[in-house]
Amino acid sequence: MSLPREPFLAAAIDGAGPIRTFFNVTFPLMAPVSIGAIMIRLIEASKLMETVYVLTSGGPGTATETSGYYIYIKGLREFNIGYAASLSITYLVIMIVLLTVIGKLLHRSFIGGRN
């Protein structure tokens, strides 16, 4: 998929340079794809429990302990199932709210007034 040529031709006719063309034409046209990529990367970054478990087991100390690994320790190692379940629900709600807010802010800042 490529970007449409008409906005670039209009920018060239208006006398926009390459930097202005990038920030006013290319960047806004790539906004939907950028928003999707950022959201996917944020979701993937929250799923690092297996890597931490295999490589460092959260150590040294708790330096590399992620929230998913902490929930695993509380629930399956220390058998605090209720506490781990409440942490999981809280983490889910925080992630849903955070991703929604970030998506709205990025959508508003990239796309501006367009719907």
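Reading guide: rules and limits
- Residues numbered from 1 in each chain as written.
- Predicted model: local features only at pLDDT ≥ 70, side-chain atom pairs only at ≥ 80, totals over all residues.
- Heavy atoms only, no water.
- Salt bridge = Lys/Arg side-chain N within 4 Å of Asp/Glu carboxyl O.
- Buried < 20%, exposed > 50% of the residue type's maximum accessible area, 1.4 Å probe, protein only.
- Core = buried A, V, L, I, M, F, W, Y, C linked by side-chain atoms within 4.5 Å.
- Helix = DSSP H or I, 4+ residues; strand = E, 2+ residues; numbered from the N terminus.
- Polar contact = N/O pair within 3.5 Å; in protein donor to acceptor, adjacent residues only side chain to side chain.
- Contact = heavy atoms within 4.5 Å.

Undergrad: Kindly report on the pattern of salt bridges, identifying the contributing residues and their values.
TA: Evaluation of the coordinates by the stated rule reveals two salt bridges. Across the pair Lys47 and Glu44 runs a salt bridge whose closest N-O atoms are separated by 3.4 Å. Linking Lys74 and Glu78 is a salt bridge whose minimum nitrogen-to-oxygen distance equals 3.0 Å. On the basis of relative accessibility, which here comes to 16%, the residue Lys74 falls in the buried class.

Undergrad: Report on the nonpolar core, specifying residues and quantitative values.
TA: Core analysis: the largest hydrophobic core is formed by five residues, namely Ile35, Met39, Met95, Leu99 and Leu106. Elements with a contribution of two residues or more to this core: helix H3 (31-45) and helix H6 (81-111).

Undergrad: Residues and numbers for the side chain of Thr21, please.
TA: Following the sequence through the fold, Thr21 ends up in helix H2 (residues 18-29). By relative accessible area, which is 14% here, Thr21 ends up buried. Among the polar contacts listed, one links the side chain of Thr21 to the backbone oxygen of Gly17, at a separation of 2.6 Å. Once residues within four sequence positions are removed from consideration, Thr21 is found in contact with Phe8, Ala11, Ala16 and Thr26.

Undergrad: Outline the side chain of Thr26, listing residues and values.
TA: Inspection of the secondary structure puts Thr26 in helix H2. Classification of Thr26 by relative accessible area gives buried; the value is 13%. What Thr26 contacts, discounting residues up to four positions off in sequence, is Leu3, Phe8 and Thr21.

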